[in-house]
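A closer look at the structure
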Amino acid sequence: AQSVAQPEDQVNVAEGNPLTVKCTYSVSGNPYLFWYVQYPNRGLQFLLKYITGDNLVKGSYGFEAEFNKSQTSFHLKKPSALVSDSALYFCAVRAPQRKAAGNKLTFGGGTRVLVKP
Amino acid sequence: GAVVSQHPSRVICKSGTSVKIECRSLDFQATTMFWYRQFPKQSLMLMATSNEGSKATYEQGVEKDKFLINHASLTLSTLTVTSAHPEDSSFYICSARASGGVGTGELFFGEGSRLTVL
């Protein structure tokens, strides 16, 4: 069974400082990894994904994430956080499947990011 | 990116009534849609996988007769919460994947529907 762990319930950072949100995963085979952001009472917005290729993935709004196979991690990073980055962030994983139903994502518990001015 | 629309965004109903939530893919066809439930300050819990033209696949512990899912077309899936009770109050989110091969693309999520059962 696949699983995702986000060890931090909340991350506090000052505006302008680097932001890191941690994620580790467990899945059979090569993982497909995703980061989503959720604002209050809203659905999820896609930030970035890793499927294959370069371990450093760049996504929306200046976010990037680094896939580390040996550590089974996919930490989300932003060099300089903005107050508007304050939101709930979810890491997700799925195993590559040939059938459509294989698109089933498993989400981490979420990490609340609070960027203070 | 592709747009997934959910309606209604908020609904309040009395205990014992049924509520239908719609999930539409606006600019693409989706053979598969997923329904999630999210409790306050918690992660998303997959409830079921909705397949166009066939029965939905429910996750363990999710009552099929309680949460009816219909995926009648390539752009619409509905979730009906039957005989709703206060414990069914939650944030329900759908997601969809475009048709035409499995691919590696991300899922597109709706904005969510907050159900409050009085």
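As a reminder, the structure under discussion sits directly above these lines.
Residues numbered from 1 in each chain as written. Chains lettered and ligands numbered in written order. Predicted model: local features only at pLDDT ≥ 70, side-chain atom pairs only at ≥ 80, totals over all residues. Heavy atoms only, no water.

**Looking at the packing of aromatic side chains**
Taken as a whole and judged by the stated rule, the model has 14 aromatic pairs over all chains. Relative to A:Phe107, the ring of A:Tyr36 lies with its centre 6.0 Å away and its plane at 55 degrees, an arrangement referred to as tilted. Separated by 71 residues along the polypeptide, A:Tyr36 in strand β5 (residues 32–38) and A:Phe107 in strand β11 (residues 106–107) bring together distant segments of the chain. Seen from their ring centres, A:Tyr36 and B:Phe109 are 5.0 Å apart, and the 75 degrees between their planes marks the pair as edge-to-face. Note that A:Tyr36 is positioned in strand β5 and B:Phe109 in strand β10 (residues 108–109), a pairing that runs across two chains. (Phe/Tyr/Trp six-rings, centres within 6.5 Å; stacked < 30°, edge-to-face > 60°. Helix = DSSP H or I, 4+ residues; strand = E, 2+ residues; numbered from the N terminus.)

**Things to note about the interface of chain A and chain B**
Listed per partner, the contact involves 25 residues of chain A and 25 residues of chain B. Interface of chain A and chain B: buried area, both sides summed, is about 2000 Å²; carbon and sulfur atoms make up 53% of it. Counting the contacts that link chain A with chain B gives 1 salt bridge. Residue B:Glu111 is joined to A:Arg42 by a salt bridge in which the shortest nitrogen-to-oxygen separation is 2.3 Å. Where chain A touches chain B, the interface holds 5 residue pairs in polar contact (both at pLDDT 80 or more). Residue assignment for the side of chain A that touches chain B shows that the elements contributing at least two residues are β5, β6 (44–50) and β10 (87–94) of chain A. Of the residues forming the side of chain A that touches chain B, the biggest block, 4 residues, is contributed by β5(A). A per-class count over the side of chain A that touches chain B returns 11 nonpolar, 7 polar and 7 charged. (Contact = heavy atoms within 4.5 Å. Buried area = accessible area lost by both parts, 1.4 Å probe. Salt bridge = Lys/Arg side-chain N within 4 Å of Asp/Glu carboxyl O. Polar contact = N/O pair within 3.5 Å; in protein donor to acceptor, adjacent residues only side chain to side chain. Nonpolar A, V, L, I, M, F, W, Y, C, P; charged D, E, K, R; others polar.)

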